[in-house]
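Okay, here's what each chain looks like letter by letter:
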Amino acid sequence: MNITYTAERLTKEEYISFLKRTDLGSQYPKERFEERIERLLKNAPISVSARNEDGLLVGVILGITDFAYWLFITDLGVDRDYVKKGIGNALMKKALTLAGGEEEIIVYTCANENAVGFYEKFGMEHASDVMVFSRVHWTPFTV
């Protein structure tokens with residue numbers, strides 16, 4: 001399998017189509033979904049795609065970083081037909097490299113319960129020092 005990893009900005013339409021083929025499609029609130037996805041794609045400093053030989057988007061990682069100390073993974077998804085083929089691991093490594101490398105950067109994420117095993121296998125640990133402030137109205141739905 002030939003997968004190409006590229007730092008690129010995705011369109012809202014392509015990303016939403018991709019979300020329907022992943023488990024990421026249930027992590028977003030319904031409120032102003034398309035508007036907020038468009039902002040996410042426009043503003044995330046780290047945006048890396050994985051594409052198959054036909055150019056189909058099969059994996060994505062998005063993250064925010066200061067390029068000095070930390071990287072927060074906001075989105076990491078792999079097309080259900082491509083899971084367990086090393087794509088998520090390769091995307092994590094590419095994002096970490098773009099942010100500054102594992103000798104410089106601490107990685108954080110809010111992991112979906114179904115993804116905890118992946119992050120643990122990657123080498124991440126559960127943190128007790130993360131705080132959350134939220135007054136966001138969140139209506140669950142699946143893309």
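Going by the structure above, here's the rest.
The shown structure was predicted, so the numbers you read here are calculated from the model rather than taken from an experiment. (Residues numbered from 1 in each chain as written. Predicted model: local features only at pLDDT ≥ 70, side-chain atom pairs only at ≥ 80, totals over all residues. Heavy atoms only, no water.)

1. Quick word on the overall build of the protein
When you go through the protein residue by residue, the secondary structure sums to 4 helices and 5 strands. Ordered by position from the N terminus, the helices and strands of the protein form the series β-α-α-β-β-β-α-β-α. Against the globule reference of 15 Å for 143 residues, the protein gives a C-alpha radius of gyration of 15 Å, in line with a compact fold. Along the longest, intermediate and shortest principal axes, the C-alpha atoms of the protein span 40 × 40 × 25 Å. When each of the 143 residues of the protein is scored for burial, the buried share is 37%. Pairs at least 24 residues apart make up 64% of the contacts formed inside the protein by residues separated by at least 6 positions. As displayed, the protein offers around 9000 Å² of accessible surface, 51% of which is attributable to carbon and sulfur atoms. Across the protein, the 17 positively charged side chains and the 21 negatively charged ones have centroids separated by 5 Å. (Helix = DSSP H or I, 4+ residues; strand = E, 2+ residues; numbered from the N terminus. Rg over C-alpha atoms; globule rule 2.2 N^0.38 Å. Buried < 20%, exposed > 50% of the residue type's maximum accessible area, 1.4 Å probe, protein only. Contact = heavy atoms within 4.5 Å. Areas by Shrake-Rupley, 256 points an atom, 1.4 Å probe, with all protein chains shown as cover. Lys, Arg positive; Asp, Glu negative; His and termini not counted. Charge placed at Lys NZ, Arg CZ, Asp CG, Glu CD.)

2. Some remarks on the sheet that holds strand β2 (residues 46–51)
Taken in spatial order, the 5 strands line up as β1-β2-β3-β4-β5 in an open sheet, and their pairing is mixed. Because the sheet does not close on itself, it has two edges, and the strands there are β1 (4–7) and β5 (106–109). Between one strand axis and the next, the sheet turns through 25° on average, direction left out of account. Bridging between β1 and β2 involves 4 bridges; their strand directions are antiparallel. Of the residues in β2, the one forming a bridge with Thr-4 is Arg-51. In this fold helix α3 (residues 87–99) packs onto β1, β2, β3 (57–65), β4 (70–78) and β5, with an angle of close to 155° to the strand it touches most, β4. (Pairing = 2+ DSSP bridges. Axes fitted to C-alpha atoms, helices over the stretch in contact; angles between N-to-C directions.)

3. So, the pattern of salt bridges
When the charged atoms of two side chains with opposite charge come close together, those side chains can pair. What the rule picks out here adds up to 6 salt bridges. Where Arg-51 meets Glu-8, a salt bridge forms, and the shortest distance between an N and an O atom there is 2.9 Å. In this pair, Arg-51 is assigned in strand β2 and Glu-8 in the loop between β1 and α1 (12–19), connecting sequence segments 43 residues apart. Arg-51 sits in the buried class, given a relative accessible area of 15%. The partner of Asp-23 in a salt bridge is Arg-80, with the nearest N and O atoms 3.1 Å apart. In this pair, Asp-23 sits in the loop between α1 and α2 (33–43) while Arg-80 sits in the loop between β4 and α3, placing the two residues 57 residues apart along the sequence. We classify Arg-80 as partly exposed; its relative accessible area is 44%. Put simply, Glu-8, Glu-14 and Arg-51 are held in one network by salt bridges that share partners. (Salt bridge = Lys/Arg side-chain N within 4 Å of Asp/Glu carboxyl O.)

4. Examining the environment of Lys-121
One can find Lys-121 in helix α4 (residues 116–122). A relative accessible area of 77% places Lys-121 in the exposed class. Taking the C-alpha atoms as reference points, Lys-121 and Leu-24, 97 residues apart in sequence, are found 19 Å from one another.

5. Side note on the environment of Thr-22
Structurally, the position occupied by Thr-22 is in the loop between α1 and α2. Each C-alpha atom, one on Thr-22 and one on Val-58, is 9.0 Å from the other, the two residues being 36 residues apart in sequence. In contact with Thr-22, other than residues within four places in its own chain, are Val-78, Asp-79 and Arg-80. Within the structure, the side chain of Thr-22 is placed 3.0 Å from the backbone nitrogen of Leu-24, a separation counted as a polar contact. (Polar contact = N/O pair within 3.5 Å; in protein donor to acceptor, adjacent residues only side chain to side chain.)

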